[in-house]
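In case you want the letters, here they are:
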Amino acid sequence: MVDLFAAGLLAAIQPQMLLLIFLGVVVGIIFGSIPGLTAVMAIALCLPMTYGMAPAAGMSLLVALFVGATSGGLIAAILLKIPGTPSSIATTFDGGPMMEKGEGVKALGAGIVFSFIGTILSIIALVFVAPALARVALSFGPHEYFAIAIFSLTLIATLSSGSMTMGIFSGLVGFAVSTVGIAPVDATRRFTFGMVELNSGFSILAVLVGMFAIAEVIKVAEAGRAGSNIRITAPVMKGVKGFGFSMKEFFEQLPNGFRSAVIGIVIGILPGIGAGTSNILAYIAARSRSRTPEEFGKGTLEGVVAPEAANNAGIGGAMIPLLTLGIPGDAVTAILLGGLMMHGIQPGPMLFVTQADLVYTIFAALTVSAIVMLIVEFYGLRIFVKLLAIPRHILLPMILVLCAVGAFGLASRIFDIWTVLGFGILGYAFVKAGIPTAPFIIGFILGPMAETNFRRGLQLSQGDYTGFLTNPISGAFLALAALSIIWQIWSGMRKRPARTSS
């Protein structure tokens, strides 16, 4: 393990890789810090650029974007009291008041340092947990993989924001869209309507860019120019030493940071919950364990450290099921899965056997990205503050053009541009209807995996459906899927009487 990580680190610090990681972190921070732009949009936009790269270089760029965008949300959260990303919602609770009290630099410094610590702790968990889990998963067959796919899709659908019905509907639509093209087992054409372009189905890149980047552009454009002329007060950097807080304060916050990182890692591993939940849970945990809970919401350092350590710790946590089982836990890891598949790499336990060097290069790239983020985010703060003021009517058309160019560059087909625009409109319709997008993408990605393993499982059991239930592991995952649906229905029924009585 040590030898593999050392080899991965040597690959990650090559000049070309360092440049890609640096650019990825910088672009990620920009997307994370500007309200309306997200990590999902940043990675979806840059995904086509990795098509001509080596897998290690392409994935290093994407994970650097992930690290930068996740942490970048704290800049807007503290300076504007507007979360740059959903993972920075709880940072606004105390980051904004600290800025108003003249402690903006301290809040930013602490947020950046504990973002770094949360990321590093999650990478350590990833390095040690992922290979062990992969060894267990090597014994999995078609029955197990089908059950895992159904469980992941069900859990994401039931835990999505909004109603469970909407989440399941979104997942089923994604599943249905994935069936377009030639069937995986018997090569039957399905829903192609005589169009040769649909024989291979919809490009995962086109679907991801459309559903996230284009839909987000339309949504932000609908809001008009509101918010483009926000007044931004830059923090006073004169006379600031280090990261703006003392070593005493650093050591006082270590238990809080460590506890929040553990929360972030655990939540990150669970599909469908994500950093948007973990930062709030970490904030609540910090307040409940604090000696001065009454200070929360008024500008306390504890209220900044907890959410920032948690949301960045979710990075390594979310990568664990992605790399070991090929199961994306949220929209960002779904796009990362798309990046791997675009390079002909299938995540799963065999990845640690056949391409261990690539896996550990990704681990090393995450580590280097965290270090670059620590340096760039603090010392480039003045530049990022100015970028917050870029009018959106200038920014959005540039993003739209880049999406179209990226889609065309994949296979030099105009059809892919129309596909991106079509799924962009569908994504926008989902937003307006209150339908969550993440289950759609998970359904689209896991659909072929579930279908292929379902049919292979039936072949192995000679058409006996009970094989999926009698197999201990697949039976357990299907039971968990059923329990998650029952639990969500029961929770909804409990809330109804409360609403009627009020």
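The structure reproduced in this document is the subject of the present report. In this convention, every chain numbers its residues from 1, walking through the sequence in written order. Thresholds applied to this predicted model are a pLDDT of at least 70 for local features of residues and 80 or more for the giving and counting of side-chain atom pairs; totals over whole chains, interfaces and linings are not thresholded and use all residues. To obtain the side-chain values, all non-hydrogen atoms of the structure were used and water was disregarded.

## Remarks on the overall build of the chain
Then, number 1: Think of it this way: any DSSP run of H or I at least four residues long counts as a helix, any run of E at least two long counts as a strand, and we number them from the N terminus. Within the chain, the regular secondary structure consists of 21 helices and 2 strands.
Then, number 2: Under the scheme applied here, a residue whose accessible area is under 20% of the maximum for its type counts as buried, over 50% as exposed, and between as partly exposed, the area being computed with a 1.4 Å probe on protein chains only. Expressed as a percentage of its 502 residues, the buried residues of the chain come to 58%.
Then, number 3: The criterion used for residue contact is that any of the two residues' heavy atoms lie within 4.5 Å. Of the contacts made within the chain by residues no fewer than 6 positions apart, 79% connect residues no fewer than 24 positions apart.
Then, number 4: Computed with a 1.4 Å probe, the accessible areas rest on the Shrake-Rupley method; for each residue, only the protein chains presented here act as cover. Carbon together with sulfur atoms contributes 68% to the accessible area of the chain, which is approximately 21,100 Å² in total.

## Side note on the packing of helix α4 (residues 55-79) against helix α13 (residues 331-342)
Then, number 1: Note on definitions: angles span 0 to 180 degrees between N-to-C directions of axes, and those axes are lines fitted to C-alpha atoms, for helices only across the stretch in contact. As a packed pair, α4 and α13 sit with axes 10 Å apart at the nearest point and diverge in direction by 170 degrees. Compared by their axis directions, α4 and α13 come out roughly antiparallel. Counted together, Met-59, Leu-62, Val-63 and Phe-66 of α4 and Val-332, Thr-333, Leu-336, Gly-339 and Leu-340 of α13 form the full contact between these two elements.
Then, number 2: A per-class count over the contact of α4 with α13 returns 7 nonpolar, 2 polar and no charged. For classification purposes, an angle smaller than 35 degrees is called roughly parallel, one larger than 145 roughly antiparallel, one from 65 to 115 roughly perpendicular, and anything else oblique. Under the grouping applied here, Gly and all other residues not named as nonpolar or charged are polar, the nonpolar ones being Ala, Val, Leu, Ile, Met, Phe, Trp, Tyr, Cys and Pro and the charged ones Asp, Glu, Lys and Arg.

## A few points about the environment of Ser-260
Then, number 1: Examined against the element boundaries, Ser-260 turns out to sit in helix α10 (residues 247-269).
Then, number 2: Residue classification places Ser-260 among the buried positions, given a relative accessible area of 0%.
Then, number 3: In this structure, the C-alpha to C-alpha distance between Ser-260 and Ala-313, residues 53 residues apart in sequence, is 8.2 Å.
Then, number 4: For Ser-260, the residues in contact, after removing those within four places along its chain, are Ala-282, Ala-306, Ala-309 and Ala-310.

## Here's the deal with the layout of surface pockets
Then, number 1: If you add up the space inside the second largest pocket, you get close to 810 Å³.
Then, number 2: The method works on a 1 Å grid over the protein atoms by themselves. A cavity is a set of points holding a 1.4 Å probe that cannot get out, a pocket is an open set with protein on both sides within 12 Å along at least five of seven lines, and residues with an atom within 4 Å of a point line them. Residue lining of the second largest pocket: 36 residues in total, with Met-341, Gln-346, Ile-445, Pro-448 and Met-449 positioned closest to the centre.
Then, number 3: Looking at the lining of the second largest pocket, the elements with two or more residues in it are α7 (142-159), β1 (181-182), α13 and α19 (438-460).
Then, number 4: Top element by residues in the lining of the second largest pocket is α19. It accounts for 9 residues.
Then, number 5: Here the lining of the second largest pocket is composed, by residue class, of 20 nonpolar, 13 polar and 3 charged. Grid points are joined across faces, edges and corners, and a volume is the space filled by probe spheres set on the points.

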